[in-house]
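Observations on chain architecture
Residues per chain, in single letters:
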Amino acid sequence: MMPLLRDLAHARTGDKGDTSQVSVIAHDPADFPFLAAQVTEARVRAHLAAVLAPGARVTRYALPALGALNFVLEGALGGGVTRSLALDAHGKCLGAVLLGMALPGQGEGEGEGGGG
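For the structure given in this document, a descriptive report is provided here.

Conventions and cut-offs
Residues numbered from 1 in each chain as written. Predicted model: local features only at pLDDT ≥ 70, side-chain atom pairs only at ≥ 80, totals over all residues. Heavy atoms only, no water. Helix = DSSP H or I, 4+ residues; strand = E, 2+ residues; numbered from the N terminus. Contact = heavy atoms within 4.5 Å. Areas by Shrake-Rupley, 256 points an atom, 1.4 Å probe, with all protein chains shown as cover. Pairing = 2+ DSSP bridges. Axes fitted to C-alpha atoms, helices over the stretch in contact; angles between N-to-C directions. Core = buried A, V, L, I, M, F, W, Y, C linked by side-chain atoms within 4.5 Å. Buried < 20%, exposed > 50% of the residue type's maximum accessible area, 1.4 Å probe, protein only. Lys, Arg positive; Asp, Glu negative; His and termini not counted. Salt bridge = Lys/Arg side-chain N within 4 Å of Asp/Glu carboxyl O. Polar contact = N/O pair within 3.5 Å; in protein donor to acceptor, adjacent residues only side chain to side chain.

A few points about the overall build of the protein chain
The helix and strand inventory of the protein chain stands at 4 helices and 4 strands. Order of helices (α) and strands (β) in the protein chain, N terminus to C terminus: α-β-β-α-α-β-β-α. For the protein chain, restricting intrachain contacts to residue pairs at least 6 apart in sequence, the fraction spanning at least 24 positions comes to 66%. Of the roughly 6200 Å² of accessible surface on the protein chain, a fraction of 57% belongs to carbon and sulfur atoms.

Here you go:
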């Protein structure tokens, strides 16, 4: 069984208007290189496809000194938290959904997945 992202990291989130940011922070800094290889813009976009607007932009910023990846999701909140008809599409919800992403076991498929 593949581990889930939440097994190796926790998330901090925020949102403003139609943009959400999700930071994925390694529990153990030694896991950061694996997370950086596996948690790519392409994989995050695919994992959150059901809530991202068509053409939504996903940008990843790596913060290796903090053991963190920060994702800025433009077009993620259905027009903005106060305008959206989506149920609880706030940043906290997106962070929880992202932590449910399956990861290959460490040593399997490292460096695959492209993006970011």
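The structure having been displayed, the exposition proceeds.
Some details on the sheet that holds strand β1 (residues 9-16)
Ordered in space as β1-β2-β4-β3, the 4 strands form an open sheet in which the pairing is antiparallel. Of all strands in the sheet, those with a lone pairing partner are β1 and β3 (57-63), marking the two edges. For this sheet, the mean inter-axis angle between neighbouring strands, taken without regard to orientation, is 15 degrees.

A short note on the nonpolar core
The biggest cluster of nonpolar side chains holds 24 residues, and the ones touching the most others in it are L5, L35, V39, V44, F71, L73 and L103. Residue assignment for this core shows that the elements contributing at least two residues are α1 (5-8), β2 (19-26), α2 (32-38), β4 (68-74) and α4 (91-98).

Some words on the pairing of β4
Across the 7 residues of β4, 6 count as buried, placing the element largely inside the fold. Relative to β4, β2 is paired through 7 bridges, and the arrangement is antiparallel. Counterpart to S20 in the pairing with β4 is L73. Note: β3 against β4, 7 bridges, orientation antiparallel. Bridge pairing in β4 links R57 to E74. Where β3 folds back onto β4 in an antiparallel hairpin, the turn is made up of 4 residues, including G67, whose phi is positive at roughly 65 degrees.

As for the pairing of β1
In terms of strand pairing, β1 meets β2 through 8 bridges, oriented antiparallel. Looking at the pairing, T13 lines up with V22 of β2. In sequence, β1 turns back onto β2 through a hairpin of 2 residues, with G17 there showing a positive phi of about 60 degrees.

Structural notes on the side chain of R60
Looking at the secondary structure, you find R60 in strand β3. Despite its burial, R60 pairs with no opposite charge, the nearest such side chain being E41 at 5.9 Å. Looking at R60, its side chain comes within polar contact range of the main-chain oxygen of V39, at 2.9 Å.

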